[in-house]
Amino acid sequence: MKKKIIVGNWKMSPATPEEAKSIFLKIKRSASRVRGVSVVICPSDVHLMALAKLSSKGNVRVGVQNVFWEDKGSFTGQISPAQAWNAGARYALVGHSEKRKLGETSADAAKKLFAVIRDGMTGIICVGEDTRDKDGNFFALLKDQLLASLAHISRHMLLHSTIVAYEPVWEIGRSDLQAMKSRDVHETAIFIRKVINDAFGPDIARALPILYGGSVSPENAHSIVYEGGVDGLLVGRQSLEPQAFSVIIKSMHPRHARK
Ligand code: PGA
């Protein structure tokens, strides 16, 4: 069975390195008791090195939330994939909807995805529709966004170093009761695998890990993964709450029973 993957996206929190270390160590402690789950924390860049040091010896890796596609040059305010790697990042989020909202295009995301994989990281490419229409036109948009974001990567990169995170934009930051129904997650995951199958073939479609993100909580994590047919979760707010995040990690056990 494929390992489940739980990625925490800390966005712009917490404010201090002390808090970041304390949350990380609590997560590391609970993750060490769980088998069959890979845990990745994507803190903001200012916390990256400190957490990467704490991550050695343990099963929690760290990742960056964004990088630039160039490896050197005069690009004020950007972080290169090589810098991220040298700071300890082994994963990189690419094309998150909150970056796309600030102007990042799928063409930009495609260059970044290529660069992070070239420099040794696993790229987590985020895709998702802004809204859903009842005629299902959002599927075409999702397909375009996905294929455009994967434009520069080889089959080998896709097979070994890529994760797709499906995050419907309208589901991010809501209450867990409003999170997407597992059957809708399932339908979309099947659609994504079909797009990959048609473009890259069945082996890659079968192997490619697909995560769901958007208002994941301890209450809905297990059913989203097991009924939604995805390989893991991209978690925002609840990944900063060590107790809640620990329940999410534990709930990846196939026989996890909700209390
Ligand atoms: P949320 O965020 O879990 O707080 O909805 C998810 C994300 O933006 O990746």
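Quantities reported herein were computed from a predicted structural model and do not represent experimental measurements.

Draft legend 1. A look at the side chain of Asn220. Following the sequence through the fold, Asn220 ends up in the loop between strand 7 (210-213) and helix 10 (221-228). On the basis of relative accessible area, Asn220 is assigned to the buried category, the value being 9%. A polar contact of 3.0 Å, which involves the side chain of Asn220, links it to the backbone oxygen of Ser215. Not counting residues up to four positions away in its chain, the partners in contact with Asn220 are Asp176, Ala179 and Ser215.

Draft legend 2. Broad picture of the packing of helix 5 (residues 106-118) against helix 6 (residues 138-149). Interaxial distance between helix 5 and helix 6 falls to 7 Å at its minimum, and their mutual angle equals 40°. With respect to each other, helix 5 and helix 6 are oriented oblique. Only Gln145, Ala148 and Ser149 of helix 6 make contact with helix 5, whose side of the interface consists of Ser106, Ala109, Ala110 and Leu113. Tallied by class, the residues present in the contact of helix 5 with helix 6 amount to four nonpolar, three polar and no charged.

Draft legend 3. Representation of the environment of Leu113. Mapping Leu113 onto the fold places it in helix 5. In this structure, the C-alpha to C-alpha distance between Leu113 and Met157, residues 44 residues apart in sequence, is 9.7 Å. When residues no more than four places from it in sequence are discounted, the contact partners of Leu113 are Val94, Gly123, Ile125, Ser149, Leu150 and Ile153.

About the criteria used
Residues numbered from 1 in each chain as written. Predicted model: local features only at pLDDT ≥ 70, side-chain atom pairs only at ≥ 80, totals over all residues. Heavy atoms only, no water. Helix = DSSP H or I, 4+ residues; strand = E, 2+ residues; numbered from the N terminus. Buried < 20%, exposed > 50% of the residue type's maximum accessible area, 1.4 Å probe, protein only. Polar contact = N/O pair within 3.5 Å; in protein donor to acceptor, adjacent residues only side chain to side chain. Contact = heavy atoms within 4.5 Å. Axes fitted to C-alpha atoms, helices over the stretch in contact; angles between N-to-C directions. Parallel < 35°, antiparallel > 145°, perpendicular 65-115°, else oblique. Nonpolar A, V, L, I, M, F, W, Y, C, P; charged D, E, K, R; others polar.

Keep in mind these values describe shape, not function.
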